[in-house]
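# What the coordinates show
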Amino acid sequence: MTKTLDAPDIPAPEALPGLRRRTTAVLIASQILGGLAIPIGIALAPVLATEVSGTEALSGLAPTASVAGTALLSLPLAALMTSRGRRPGLVLAYATGALGAGLVVLASVIESFPLLLLGMAAFGGGSLATLQARFAAADLAEPERRGRAISLIIWATTIGSVLGPNIAAPTSRVFADTAIPETAGPFLFAAGIFAVAALVVAVLLRPDPLLTARALAPQEDDTAQSRSLRAGIAAVAASPMARLALVTVAVSHTVMVSIMVMTPVDLGHHGASLQLVGLVISGHIAGMYAFSPVMGWLADRFGRLSVIGLTVGLLSCAALLAGTAGPSHGQTAAGLFLLGLGWSAGLVSGSALLTDSVPQPARAAVQGLSDLTMNAAAGIGGALAGLIVARASYGWLNLVGVCVLLPMAALAVRRAVSAKKA
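So, a few notes on the structure that sits alongside this text. Being a predicted model, the structure only gives us computed values, none of them experimental.

## Topic: the side chain of serine 30
Tracing the backbone through its elements, the reader meets serine 30 in helix α1 (residues 16-53). Once residues lying within four places of it in the same chain are set aside, the contact partners of serine 30 are Tyr94, Ala197 and Val201.

Structure (structure tokens):
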């Protein structure tokens with residue numbers, strides 16, 4: 001067996017509960033910080049893109065660039081984590097997000113749309129850090145509690161994420177009568193928050209959870225080759241459940257992102273203020289994160305497949321409500337809340353099922369592949385969302401979202417039937 005050079009010593013069994021608690025506490029702290037910064041991009045990127053480009057048709061490209069950046073960074077980050085552990089990968093992702101936020105501010109000052117897209121792509125590094133943190137929590141979790149471990153880290157984002165969009169408006173007023181547009185000012189705040197999150201992880205996430213997990217469960221084939229991206233792809237190809245998990249995470253994320261990024265624009269069409277947009281997005285993000293422990297408990301108690309079925313139902317209801325809301329801001333808010341719940345169910349159940357379904361040495365590579373797939377698909381969905389709304393309507397966008405869910409539902413049913421026969 002080939003060991004990683006900086007692999008930690010194997011902890012004693014009695015030390016494991018304390019190590020799990022310490023790791024979880026550090027990840028929760030970083031998630032709260034990341035949660036403060038990321039919603040600023042969610043709430044303001046479409047509006048800022050319209051201001052800089054001068055056309056609403058391109059409004060979806062800014063959040064899409066962030067999703068695309070998250071996707072492009074997924075595999076390099078997975079490679080870094082595979083060789084060096086979770087800590088350096090998370091630090092690099094947060095630092096990239098801070099740099100991206102700074103570029104967004106610069107782009108708004110000089111009115112450069114290409115630079116804005118580049119900045120939003122780098123901003124996606126912060127999102128990737130918060131996504132990968134859920135797998136860091138799963139590294140040391142017992143298999144029967146893996147869903148709850150993942151969901152707890154997702155839940156931790158609630159605190160920052162609910163506050164983040166509502167901080168945007170007062171923060172923007174600080175930049176009144178300055179060279180920095182008020183819509184871009186909050187991104188400076190986001191840059192500082194990402195930097196603090198990187199510092200927290202760099203200093204406190206020790207020992208590294210991924211390297212510790214490898215030390216605790218050594219495998220005969222735990223070599224560089226068995227941890228490669230090729231090995232990860234082979235592991236997914238060999239496991240029907242892993243393929244379903246990958247589809248679940250990708251589809252639920254794509255449907256959520258596509259509808260969410262165009263909701264601020266649709267609300268604007270119906271006279272909503274920036275403060276109201278912030279409240280709607282806050283409710284949506286509360287749905288995404290606040291009830292994730294419930295989703296984790298359901299996934300551990302009733303099985304991953306049951307929660308995948310719940311995902312389809314929640315996302316379909318969300319699209320129905322949001323797509324038919326029109327000027328009813330309350331109905332739009334209800335739809336966005338359910339959209340967040342459906343995303344939470346899909347991410348928790350899919351992530352747990354994916355981790356369950358592949359060998360330990362290949363997990364980091366598979367998890368990176370999962371984030372690449374989900375964000376690449378969502379990036380395409382976000383780009384098409386702007387075009388659909390511009391040429392048809394927000395209602396049609398939601399109908400398309402429901403149609404995208406159908407193949408995932410069919411695959412889940414097929415896997416459930418196969419599991420019962422086995």
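Moving on from the coordinates now.
## Side note on the pattern of salt bridges
Within the structure shown, the criterion is met by 7 salt bridges. Between aspartate 356 and arginine 146 there is a salt bridge, with its nearest N and O atoms 2.8 Å apart. Of this pair, aspartate 356 sits in helix α13 (residues 329-357) while arginine 146 sits in helix α5 (residues 146-173); the two residues are 210 residues apart in sequence, bridging distant segments of the chain. For arginine 146, a relative accessible area of 6% translates into the label buried. Residue arginine 304 pairs with aspartate 356 through a salt bridge whose shortest N-O separation is 2.8 Å.

## Points about the packing of aromatic side chains
Per the stated rule, a full pass over the model turns up 6 aromatic pairs. Ring centres of phenylalanine 291 and phenylalanine 337 lie 5.9 Å apart, and the angle between their planes is 85°; on these two criteria the pair is classed as edge-to-face. One end of the pair, phenylalanine 291, is in the loop between α10 (274-289) and α11 (292-302); the other, phenylalanine 337, is in helix α13, with 46 residues separating them in the sequence. Residue class for phenylalanine 337 comes out partly exposed when judged on its relative accessible area of 29%.

## A short note on empty space enclosed by the protein
Taking a probe equal in size to a water molecule and rolling it over the atoms shows the remaining empty space. Counted under the stated rule, the structure contains 1 cavity of 30 Å³ or more. Counted as a void, the largest cavity has a volume near 420 Å³. Lining the largest cavity are 30 residues, with Ile38, Ile42, Ser127, His253 and Tyr289 sitting closest to its centre. Residue composition of the lining of the largest cavity, by class: 19 nonpolar, 10 polar and 1 charged.

Conventions adopted
- Residues numbered from 1 in each chain as written.
- Predicted model: local features only at pLDDT ≥ 70, side-chain atom pairs only at ≥ 80, totals over all residues.
- Heavy atoms only, no water.
- Helix = DSSP H or I, 4+ residues; strand = E, 2+ residues; numbered from the N terminus.
- Contact = heavy atoms within 4.5 Å.
- Salt bridge = Lys/Arg side-chain N within 4 Å of Asp/Glu carboxyl O.
- Buried < 20%, exposed > 50% of the residue type's maximum accessible area, 1.4 Å probe, protein only.
- Phe/Tyr/Trp six-rings, centres within 6.5 Å; stacked < 30°, edge-to-face > 60°.
- 1 Å grid on protein atoms, 1.4 Å probe; cavity = no way out; pocket = protein on both sides within 12 Å on 5 of 7 lines; lining within 4 Å.
- Points joined across faces, edges and corners; volume = space filled by probe spheres on them.
- Nonpolar A, V, L, I, M, F, W, Y, C, P; charged D, E, K, R; others polar.

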